[in-house]
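Read off the chains here:
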Amino acid sequence: MMDISPNKVGFVIVRARELSVKVGRWDRSSDDADSDTIFESRRSDATGSELQSFIKNLNDDEKAALVAIMWIGRETFSADDYDEAFETAKQEATTPTENYLLGIPLLADYLEDGLEALGVDTSELEDELYRKM
């Protein structure tokens, strides 16, 4: 059994996807943000800090579970080895979890693949989360 709710993992997936499409600014810093700049990474965009804060505020078991799910999605561990991945994540945590996870370029994909391997249907989960936003 996972030590984090699928909804919390789904939230991380959705926000990580939003971050992954961001690109460097292509206009001047004095230009206003508008529909043409929605994919630009701007200081006023709170998506990254919101996600970092969300992960930081998880309890230690939830953080370890999130890492374990990512590792399963990345195929470092199999779904059958969830308990081992979870314990390894707890024991080897040497950097803040939010920094570690947000440094992984395919985080959303790995988390989605990890949940799927653990038997969670992420399509329904993500659809529900997008409707709530």
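Just above sits the structure.
These figures come from a predicted structure and were not determined experimentally.

K.L.:
Sorry if this is basic, but what is going on with the overall build of the chain here?
P.N.:
When helices and strands are counted, the chain shows 7 helices and 0 strands. Ordered by position from the N terminus, the helices and strands of the chain form the series α-α-α-α-α-α-α. With 133 residues in all, the chain has 37% of them scored as buried. A fraction of 67% describes how many contacts in the chain between residues 6 or more apart in sequence connect residues 24 or more apart. Surface exposure of the chain reaches about 7900 Å², of which carbon and sulfur atoms provide 46%.

K.L.:
I tried to follow unusual backbone geometry on my own but got confused; where do I start?
P.N.:
Glycine aside, residues mostly have negative phi angles, and peptide bonds mostly take the trans form. For E75, which is not a glycine, the phi torsion comes out positive at approximately 70 degrees. Following the sequence through the fold, E75 ends up in the loop between α3 (60-73) and α4 (82-91). Using a relative accessible area of 69% as the deciding quantity, one classes E75 as exposed.

K.L.:
Teacher, can you tell me more about the side chain of K63 here?
P.N.:
One can find K63 in helix α3. When residues no more than four places from it in sequence are discounted, the contact partners of K63 are I55, K56, L58 and T97.

K.L.:
Explain the packing of α3 against helix α6 (residues 107-117) here, please?
P.N.:
Each pair of packed helices can be described by the angle between their axes along with the distance between the axes. With their axes 7 Å apart at the nearest point, α3 and α6 run at an angle of 90 degrees to one another. Comparing their axes, α6 and α3 come out roughly perpendicular. Listed contacts from α6 to L66, I69, M70, I72 and G73 of α3 are L107, Y110, L111, D113, G114, L115 and A117.

K.L.:
Looking at this structure, I do not really get the nonpolar core. What am I missing?
P.N.:
General note: in soluble globular proteins, nonpolar side chains tend to be found buried as a group. One finds V9, L66, L101, L107 and L111 to be the most contacted residues of the largest nonpolar core, which totals 30 residues. For this core, the secondary-structure elements that each account for two or more residues are α1 (6-20), α2 (47-56), α3, α4 and α6. With 9 residues, the single largest contributor to this core is α3. Apart from residues no more than four positions distant in its own chain, L111 is found in contact with V9, V12, I13, L66, I69 and M70.

K.L.:
What exactly am I supposed to notice about the environment of G114 here?
P.N.:
Within the secondary structure, G114 is located in helix α6. With a relative accessible area of 0%, G114 lands in the buried category. As a C-alpha pair, G114 and W71 span 43 residues in sequence and 7.3 Å in three-dimensional space. In contact with G114, not counting residues within four places along its chain, are I69, I72 and G73.

K.L.:
How should the side chain of R15 be read in this particular structure?
P.N.:
Within the secondary structure layout, R15 lies in helix α1. A distance of 2.9 Å separates the side chain of R15 from the side chain of E50, its partner in a polar contact.

K.L.:
What is the right way to look at α3 in this model?
P.N.:
Note that an α-helix has 3.6 residues per turn; residues three or four places apart therefore point the same way. With 14 residues, α3 should reach 20 Å at 1.5 Å per residue; the first-to-last C-alpha distance of 20 Å fits that figure. Of the residues flanking the end of α3, it is E75, one or two places downstream, whose phi is positive at about 70 degrees.

What counts, and at which threshold
- Residues numbered from 1 in each chain as written.
- Predicted model: local features only at pLDDT ≥ 70, side-chain atom pairs only at ≥ 80, totals over all residues.
- Heavy atoms only, no water.
- Helix = DSSP H or I, 4+ residues; strand = E, 2+ residues; numbered from the N terminus.
- Buried < 20%, exposed > 50% of the residue type's maximum accessible area, 1.4 Å probe, protein only.
- Contact = heavy atoms within 4.5 Å.
- Areas by Shrake-Rupley, 256 points an atom, 1.4 Å probe, with all protein chains shown as cover.
- Axes fitted to C-alpha atoms, helices over the stretch in contact; angles between N-to-C directions.
- Parallel < 35°, antiparallel > 145°, perpendicular 65-115°, else oblique.
- Core = buried A, V, L, I, M, F, W, Y, C linked by side-chain atoms within 4.5 Å.
- Polar contact = N/O pair within 3.5 Å; in protein donor to acceptor, adjacent residues only side chain to side chain.
- Expected span 1.5 Å × (residues − 1).

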